[in-house]
Amino acid sequence: MNQIMTWWRLRESREQWLLGVLGALLVVTLYTLIIARPLTARASAAQDTYARALADSTLLLSQVDRIKAATSGSNGASGTVDIEASAAQANLAPTGAVTERNGVVRLTFDDVDAGRLTQWLGRMPQQTGGQITRLQIQRSEAGLVSSVVSIQQAR
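Draft legend 1. Geometry of the overall build of the chain. Across its full length, the chain holds four helices and four strands. Each helix and strand of the chain, placed in order from N terminus to C terminus, yields the pattern α-α-α-β-β-α-β-β. What you see for the chain is a C-alpha radius of gyration of 31 Å, clearly larger than the 15 Å of a compact globule of 155 residues, by over 25%. With respect to the principal axes defined by its C-alpha atoms, the chain has extents near 100 × 25 × 25 Å. A buried classification covers 23% of the 155 residues belonging to the chain. Excluding contacts between residues fewer than 6 apart, the proportion of contacts in the chain whose partners are at least 24 apart in sequence is 59%. Accessible area of the chain: about 10700 Å², with a carbon and sulfur share of 56%. With 15 positive and 12 negative side-chain charges, the chain shows a spacing of 5 Å between the two charge centroids.

Here it is as structure tokens:
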């Protein structure tokens, strides 16, 4: 440290001033490159992700409303088609299916196309006569969702 202080004192005042300005410019440049730019880029990416998630949730909520409207108008058609077969016809493969005592079928879908799922949910009541009693959808990847659907079978 003493060597640095000795070296500094041997510099003329204008050299000290120029070296000080150079040091300040170096600090500002490093701050910009190491801290400010990465934070700005991450904030921008977070805003884009939020905007996409908001658009996806708005779309899914409108689809849920449409599905609820379609299921409330179903008349419990006779000759129902098996619910799992109906999903298979829509190229959807449930990862789990449980039939409960009260005639409710609970299907689990993992990483399926959101559009294909909502289209099937809109058509399913007319195809099977079943009524959606519970619907849970979570976004997993871009365009993909995971879902748990409970369907009351027609009697």
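Now, onward.
Draft legend 2. A look at the pairing of strand β4 (residues 144-152). With seven of nine residues buried, β4 lies mostly within the body of the structure. When strand β2 (residues 104-113) meets β4, the two strands line up antiparallel, connected through eight bridges. Pairing of Val104 across the sheet is with Gln152, part of β4. Where strand β3 (residues 131-141) meets β4, nine bridges bridge the pair, whose relative direction is antiparallel. Its bridge partner being in β4, Gln136 is matched across the sheet by Val148. In sequence, β3 turns back onto β4 through a hairpin of two residues, with Gly143 there showing a positive phi of about 80 degrees.

Rules and cut-offs
Residue numbers here run from 1 along each chain, matching the order of that chain's written sequence. Reporting of local features is limited, given that this is a predicted model, to residues whose pLDDT is at least 70; pairs of side-chain atoms are given and counted only at 80 or more, and all residues count toward the totals for whole chains, interfaces and linings. Remark: hydrogens and water are excluded; side-chain values derive from all non-hydrogen atoms of the structure. Only DSSP runs of H or I reaching four residues or more are called helices, and only runs of E reaching two or more are called strands; each is numbered from the N terminus. Based on C-alpha atoms, the radius of gyration is set beside the globule rule, defined as 2.2 Å times the residue count to the power 0.38. Partly exposed residues are those whose accessible area sits between 20% and 50% of the maximum for their type, while under 20% is buried and over 50% is exposed, using a 1.4 Å probe and protein chains only. In what follows, a contact means two residues having at least one pair of non-hydrogen atoms within 4.5 Å. With residues, only the protein chains shown are counted as cover, and all accessible areas are computed by Shrake-Rupley using a 1.4 Å probe. Residues scored as positive are Lys and Arg, those scored as negative are Asp and Glu, and His as well as the terminal groups of each chain are ignored. Positions of charges follow a simple convention, taking NZ of Lys, CZ of Arg, CG of Asp or CD of Glu. Two strands qualify as a pair provided that DSSP identifies no fewer than 2 bridges between them.

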